[in-house]
Structures are given as structure tokens and as C-alpha cells.
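# Per-entry structural report
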Amino acid sequence: MAFSLFPYLLLSLVLISLGLVGILVRRNLVIMLICIELVLNGVTLNLLALNKFSANGGAAGQIIAIFIVALAAAETTIALALIFLIFRHYKEIDAEKLTELKG
Amino acid sequence: MSENIKLATWVVLCPFLSLLTIGIFTRTYKKLSALVAIAAISISTVLATMLYFKNLYGLTAETHYFEWLITDYFTLKFGILVDSLSLGMMMVVCIVSLLVHIYSWGYMEGETGLSRYYAWLSLFSWAMLVFVVSPTLLQAFFGWELVGAASFLLIGFWYYKPEAAQAARKAFVMTRFGDFGFFVGLLILLVVVGNLDFNVLNKLGTNMGVSPGLITLTALLIFMGIMGKSAQFPLHAWLPDAMEGPTPVSALIHAATMVAAGIYLIARAYGFFSASPFAMEFIATVGILTSFIAATIALVQNDVKKVMAYSTISQLGLMVAALGAGGYKAGVFHLFSHAFFKALLFLCAGSLIHHFHTNDMWEMAEKGGVRKMKITITTLIIGSLALAGCPPFAGFFSKDAILVAFETNGKHMFMYATLIISFLTTYYSFRMIFVLLSPEPEHAHGHKEEHHGHGHGHDSPANMTIPLIILAIFSVLFGFVDTPLMNGYFDKFLLNKHEIEHLHWSVMIKSFIVFIAGISFAYVQFAGKRGYREGFAEKISWIRALLVNKYYVDDFYFILVRGLIYPFAVILNWIDRKVINDTGVNGSGNIVIYSGRFISYLMNGLLQRYLGTSLVILFILVFLWQLI
């Protein structure tokens, strides 16, 4: 079975789209954070696939992928901490009710 | 600063300080305000008298300038100018104003707005003094406008009466219409000459390299202001209406502070006006025409104040004509003497109105008791004799000077016109006197006392009669200053001319004959006949209609305003409301409001909306980038 680039890109597109839709549609901050993770993973998959099929032995894509994984871990930690604080302060993690910035 | 300038400065400042004091401190104390104003104008009068006695035989111009605005092209200056003309005028203004202040104490007793009244009187005197001492046309314009504003405030003193409010507005708008010309003339002079000092303007005709056409143009424009202020035809219509104000104010307006300003300006800028023969001719013609028209209208007036108002217009016309015909001294002399006897006449009228509570001379005669007001009626007769030009009263000599000026300058038409006007003047003033003096009806006695709580036998209080007596003395004696009896004092004072002018007997006899004719005519028609209301002017119906309707000048203005100016104003109003306001001012505001409202939808604090917006913009940017 021959491997081709297209399924990878398709999967990554699906992941990114699902993530974006999730971010836009769901109101729960934790779910939104999970969706951001989905987008990040989609991007990582995209980079790895492109590195494999069209970089001719280069490793830049893989290196960036590792960076993304590390940064995503850090980002998730900070975001979860923020969500904790928001919950403690407002007793609420529904994005629709947190409208202090309303102009 | 010389001694003279210092004195003059304080003469001008005193009424201003009184205005400030009343406005800031004594507003709520009526009597105190009145005292402050009277004290201030008294001080001014004393200082002016001191100044006068220091310079008993006149003085050459002394000027002190304060620079106000200095540019590369011109310097605008204020200042104080003291010379014979301004000194004389200052004396007249101070004396008349002081007497009016004192008289008002009695006349306005019990009025609620007394503080306001005296504050405006002070403003009026101050404005006129600022005008009188001004060495530059610009300061003259400032004083001129202040005088207009003060007269607006005083004519409309009883602002709750619609007629008074309307009269005030009419006076203001009409004089402002003339002032528009004045201001344009002033600006042209400022641009072309670059200097508005009277001593420069007066030499404009000789060597300044300004074209004669330009001088004529600016002279006529400035004369337009004078036509408004000094009530010359056709801008005279405001003056009779201005009778709605309190009577002492009318005295002030007619004698010293308002209408005198125009005459004074011609005298002040006499060299400037003389530089244009055409303008002078025009001025003289307008003057004599005004004089004749006003004198004829006065023939049919029944309101004593209206008679006097038209006589003022007529006399002002004579002054303007005299100045226009080259009679500088005659015009100024008549201005001064007219100030005294016209103030006297108005204050007498005020005394009568105060007593009878009506302005109509027939009603006064009907109520009876005029003869018992001895001081008022005596001084009224003296004033009328002076106005009519009976020798040896003030008006006789000053009118004589005008006649002589016409004769020596070869304007015989003007002289004969003046004689006719004198005849009319004598006739209408003695029509008034004879009507007032007509014998009392028998039945009036008992029935009047019921009406009038205080009876009808006594005269007005002393603070009203004393000014009358003082002014009467001036009206009797002032004329002699121009006769050989006083060694031609007036010539010496005003013109620094030392030879004594002999009396012009031929002119004097002519004017005396005219006086006798006028008074006997009035006697035949009105004396002793009760209820006989028609003089010769009323007999012919079309003349009567013409005169009663004041030559249809008011109707003409009415049609002009209704038919032409009002529709134009409606169009302008529409443009202002719809185009400038709704589209321009409110339009730009609305754009900001609506765009702000639209943008504020984005600022709703909803996280997902922000994200969505960012994504949409991102997609748009990517799309655009693709296009490039």
C-alpha cells in the first residue's frame, strides 16, 4: 500500500477545522482549550507530513513539531491555570457570561 | 500725559466706574444705585467744567494714544483727544446727562428696575464720551456701537410692553443697517490708507495720494452710518418709535447722546468729508430733504413726544445740511444749542406725561390744569420759542448761523427751504402750546378731582423742575455766545478766530418775519378754540393722508421686508436648517454616531465573536494576498 501526502493533509484539515468550529461554537472554556489542542495537533501533523513527503531529507518540520509539542504543553498549563483562576473568581467558565470587556 | 488729557480721561471713566459699581455691588439697592450714577456723572461734569475753564478760549488738539494692535501694515490705536470740538461736546453731554439723571430720580420714582435704568444711563453717557474723545475712527466706531446698544437697552426699558420691545428692536436694526455702511467704509480706509486717525483722515484730500473717487465712496459709506444714527431720511423711521422708552431717555437720545453722534462725526471728520464735493452735496441734500419731510409730518402729530421727535429729525436735518453746505461752525453751534432746548422740551413733556398719564396733547387739554403747572408750561414755552427761533433765544442765533452759512456759500435754495422749515417748525410747536393752553372746560373741575387722587393744581416735584429751570436758562442765554455782545466768543472757542463777525441783519429780519408768520398762523388756527382740531395741513385730504401716514416710509419698509426680505430669509432659513445643519453639522455627527454604534457591536466582550471576527479578517487578508 503506497503512502501518499493527501490523506495526511486531509486528516490535518479535518482536525484544524474541527478545532476551529469547536472554539467558535462551544462556550465551555475547558472544551475550547481542548479544541485549541486539536488545532495544534492538526498543524503538527501537517508539518510532519510535509516534511516527510517534500523536504528531501530535511528535518526542519520535525524540529518545529517537537517545539510545538513542548510549547503546547506549556500553553495548556497556563491556560488551565487561567481557567482555574477565572472559575475561582467568577464561579463560571461559560465564555458567553464572561463579558467584562463589553464596550 | 498732560493735565488736559488726565482730566478728560477721568471725565470718560467716571460713568464707566458707576456702571461697574451698580452692576457688581449695588444692584439690589435702588436708591443707592441712583445715587452712584448721579454722583459719577456729577464728578464727570465738574471735571469737564474744570477742563473747560482751563481752556476757556479753546485749545489745539492734544492727543494721547494707546496702541492696541500692531501689525506690519497698520497700527490700531485707542486714545483720548481733547480739542475745542470735543471739549464743547463733552460739556454738552455731561450737563444734559447730569440733568437727565437728576430728573429721572423724580420721573422714575417707584419703578422696579431702577438700578438697571441707572446702570444703562451710565453706560449711555460713558459710550457717548468714549465716542466724543476718540482720536481714531475705530474708537469712534466702538463708541458709536456702544451708544446704539445702550439706546436699545433704554428704549426697551419696559421690555414687557410689546411696543417698547419692538421700538427698541427697530431702533437697533435700523441704525445697524446704517452702521454696516460705516463699517465697510472704515475697512476700506484701513486697507487703503492704513491709518484711521482723524488727523490723518482729515488731510486725506490734500496730499495722501488717495483717489478722489475712493474718498467719495468711503465718505458716502460712512455717511450711511450717520443717516442711521442721526435719523436722516430714509433711515429716520426708528426715532419716532423710540418714544416708547422712558421720557428722560428720549431727552438724552435726542439731545446729547445718540442722534448727536452722527452730527459730531461729520464735524470731527470734517476735513475728510470736505475732500469730496459730491459727498458734501449729497449730505446737504439729504439733510434739507429730511428736515422738510420731518417738519411736515410734525404738523399732524397729536402725541407731544411725537411732535418733538419729528422736530428733532427736522433740526438734525438742518445741522447735516449746514455741515454739508460748508457751515462747520453753524452745524456745531446748532448741535449744541439744540441739545439744550430739545432736552428741555422733552423733560417738559415728561413732566406733563407724569402728571396727566397720557401723551396726547388734546387729552391733556381736555383734562385741564396745564396752566397750573407754572414751571413746566413756562419752560415748555421757552423751549418752544428757542426751537422756533424767536429772538433772542438760543435757537434763533444758531438757526441764523445756518442761514448765514447757506447764504455765504451761495446755496440760496437751501436758505429759502430753511425759512420754510422754520415757518413749519414755529407753526407746529405753537400748535402744541396753544392746544395745551386752551381754556379749561367748566365741567372739568369737580369731575377731575375724583379721577386724580392728588388733585391737579400742583407742578411736578423739585428734582424734576430744577433741571427744567437750568435748561431753560441755557436755552435763553446760550445763543448769545455767538454774538458781538460776547465778542464772538463761540468763534474764538471753536475756530480760534479772533475777528468779531457782525450780525447779519437781513437774515435775522427774514427769520424773524417767518417766526411771526408761523406763530400768528398757529394762533389764528388753534388759540382759544376748544376742540378745534384741524390745522391748515389737515384741510386738504391727500396731504393729510400723506402726512398722517408719514410719507408711507414705514409702509414701504413693511412691504420691502414682507415681500422681499422675508421670502429670502425663508429660503436662507431652509438652507441653514436642511443643508448646513442637518447635512453638514448634524450629518457629520450622525456618521460618527452610526459608525460608532456599528463598531460597538464588535466590542461585546464575547470571546467567540472576537475569534470569529479575527478569522473572517484573516480569511479576507489571505484572499487578498492571493489576489496580489
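Placed above this text is the structure.
Figured I'd write up the structure that's included with this text. None of these values were measured; they are calculated from a predicted model.

What follows deals with the overall build of chain B. Assigned secondary structure in chain B consists of 28 helices and two strands. Projected onto its principal axes, the C-alpha positions of chain B cover 110 × 70 × 55 Å. In chain B, which comprises 628 residues, the share counted as buried stands at 56%. Taking the contacts inside chain B whose residues are at least 6 apart along the sequence as the reference set, 78% of them involve residues at least 24 apart.

The subject of this paragraph is helix 20 (residues 412-437) of chain B. With 26 residues, helix 20 of chain B should reach 38 Å at 1.5 Å per residue; the first-to-last C-alpha distance of 37 Å fits that figure. Most of helix 20 of chain B sits out of view: 19 of its 26 residues are buried.

All names here are of chain B. The full count for this structure, using the stated rule, is 36 aromatic pairs over all chains. Here Trp68 and Phe142 contribute two aromatic rings whose centre-to-centre distance is 6.2 Å and whose plane-to-plane angle is 80°, an arrangement assigned as edge-to-face. Of this pair, Trp68 sits in strand 1 (residues 62-70) while Phe142 sits in helix 5 (residues 137-155), placing them 74 residues apart in sequence. With relative accessibility at 48%, the residue Trp68 sits in the partly exposed group. Within the aromatic cluster, the residues linked to one another by ring pairs are Phe131, Phe141, Trp144, Phe182, Phe183 and Tyr264. For the cation-ring pair, Lys411 lies above Phe414, with the distance from its terminal atom to the ring centre recorded as 5.8 Å. Over the aromatic face of Tyr566 sits the side chain of Arg562, whose NZ or CZ is 5.0 Å from the ring centroid.

Our focus in this paragraph is a nonpolar patch on the surface. Together, Phe568, Ile571, Leu572, Trp574, Ile575, Val579, Ile580 and Val585 of chain B make up a nonpolar patch on the protein surface, roughly 760 Å² of accessible area in all. Here Phe568 of chain B lies in helix 27 (residues 553-602).

Counting along an α-helix, one turn takes 3.6 residues, and residues three or four places apart therefore face a common direction. Residues and elements named next belong to chain B. Compared with the 45 Å implied by 1.5 Å per residue over 31 residues, the 45 Å span of helix 6 (residues 162-192) between its first and last C-alpha is a close match. Phe177 marks the point of greatest bend in helix 6, at about 25°. A positive phi of about 75° marks Gly194, the residue just after helix 6.

On the side of chain B, 10 residues touch chain A, which itself brings 14 residues to the contact. Roughly 920 Å² of surface becomes buried between chain A and chain B when both sides are summed, with 70% attributable to carbon and sulfur atoms. Joining chain A to chain B, the criterion identifies zero salt bridges. Between the two partners, chain A and chain B, sit three residue pairs in polar contact (both at pLDDT 80 or more). Of all the elements, helix 1 (residues 5-25) of chain A adds the most residues to the side of chain A that touches chain B, at three residues. The residue inventory of the side of chain A that touches chain B, partitioned by class, reads eight nonpolar, two polar and four charged.

Residue and element names in this part refer to chain B. For Ala37, the location among the structural elements is in helix 2 (residues 30-54). Owing to a relative accessible area of 1%, Ala37 belongs among the buried residues under this scheme. Spatially, the C-alpha atoms of Ala37 and Pro248 are 15 Å apart, while their sequence positions differ by 211 residues. Apart from the residues within four sequence positions on either side, Ala37 is in contact with Ser18, Ile22, His101, Tyr118 and Ser122.

Attention now goes to the nonpolar core. Core analysis: the biggest nonpolar cluster contains 210 residues, and Leu137, Leu265, Phe272, Phe273 and Leu380 of chain B have the highest contact counts within it. Excluding its chain neighbours within four sequence positions, the residues that come into contact with Phe272 of chain B are Leu189, Leu201, Asn202, Leu204, Ile215, Thr218, Ala219 and Ile222 of chain B. The next biggest cluster of nonpolar side chains, apart from the first, holds nine residues, and it includes Leu29, Cys35, Val39 and Ala95 of chain A.

On to the packing of helix 4 (residues 114-132) of chain B against helix 5 of chain B. Residues and elements named next belong to chain B. Contact pair helix 4 / helix 5: the axes reach a minimum separation of 8 Å and the direction vectors enclose 160°. Our classification of the angle between helix 4 and helix 5 gives roughly antiparallel. Here helix 4 and helix 5 pass one another in a crossing that is left-handed. Only Gln139, Ala140, Gly143, Trp144, Leu146, Val147, Ala150, Ser151, Leu153 and Leu154 of helix 5 make contact with helix 4, whose side of the interface consists of Tyr117, Trp120, Leu121, Leu123, Phe124, Trp126, Ala127, Met128, Val130 and Phe131. Tallied by class, the residues present in the contact of helix 4 with helix 5 amount to 17 nonpolar, three polar and no charged.

Looking now at the pairing of strand 2 (residues 75-82) of chain B. All names here are of chain B. Burial within strand 2 is extensive, with six of its eight residues counted as buried. Where strand 1 meets strand 2, eight bridges bridge the pair, whose relative direction is antiparallel. Along strand 2, the bridge assignment pairs Leu69 with Leu76. Where strand 1 folds back on strand 2, the antiparallel hairpin that results is connected by four residues.

About the thresholds
- Residues numbered from 1 in each chain as written.
- Chains lettered and ligands numbered in written order.
- Predicted model: local features only at pLDDT ≥ 70, side-chain atom pairs only at ≥ 80, totals over all residues.
- Heavy atoms only, no water.
- Helix = DSSP H or I, 4+ residues; strand = E, 2+ residues; numbered from the N terminus.
- Buried < 20%, exposed > 50% of the residue type's maximum accessible area, 1.4 Å probe, protein only.
- Contact = heavy atoms within 4.5 Å.
- Expected span 1.5 Å × (residues − 1).
- Phe/Tyr/Trp six-rings, centres within 6.5 Å; stacked < 30°, edge-to-face > 60°.
- Lys NZ or Arg CZ within 6 Å of the ring centre and 35° of its normal.
- Patch = residues over 30% accessible without salt bridge, like charges linked within 9 Å, V, L, I, M, F, W, Y side chains within 5 Å.
- Areas by Shrake-Rupley, 256 points an atom, 1.4 Å probe, with all protein chains shown as cover.
- Salt bridge = Lys/Arg side-chain N within 4 Å of Asp/Glu carboxyl O.
- Bend = angle between axes of the 7 residues up to and from the residue.
- Buried area = accessible area lost by both parts, 1.4 Å probe.
- Polar contact = N/O pair within 3.5 Å; in protein donor to acceptor, adjacent residues only side chain to side chain.
- Nonpolar A, V, L, I, M, F, W, Y, C, P; charged D, E, K, R; others polar.
- Core = buried A, V, L, I, M, F, W, Y, C linked by side-chain atoms within 4.5 Å.
- Axes fitted to C-alpha atoms, helices over the stretch in contact; angles between N-to-C directions.
- Parallel < 35°, antiparallel > 145°, perpendicular 65-115°, else oblique.
- Left-handed = near helix turned anticlockwise from the far one by under 90°.
- Pairing = 2+ DSSP bridges.

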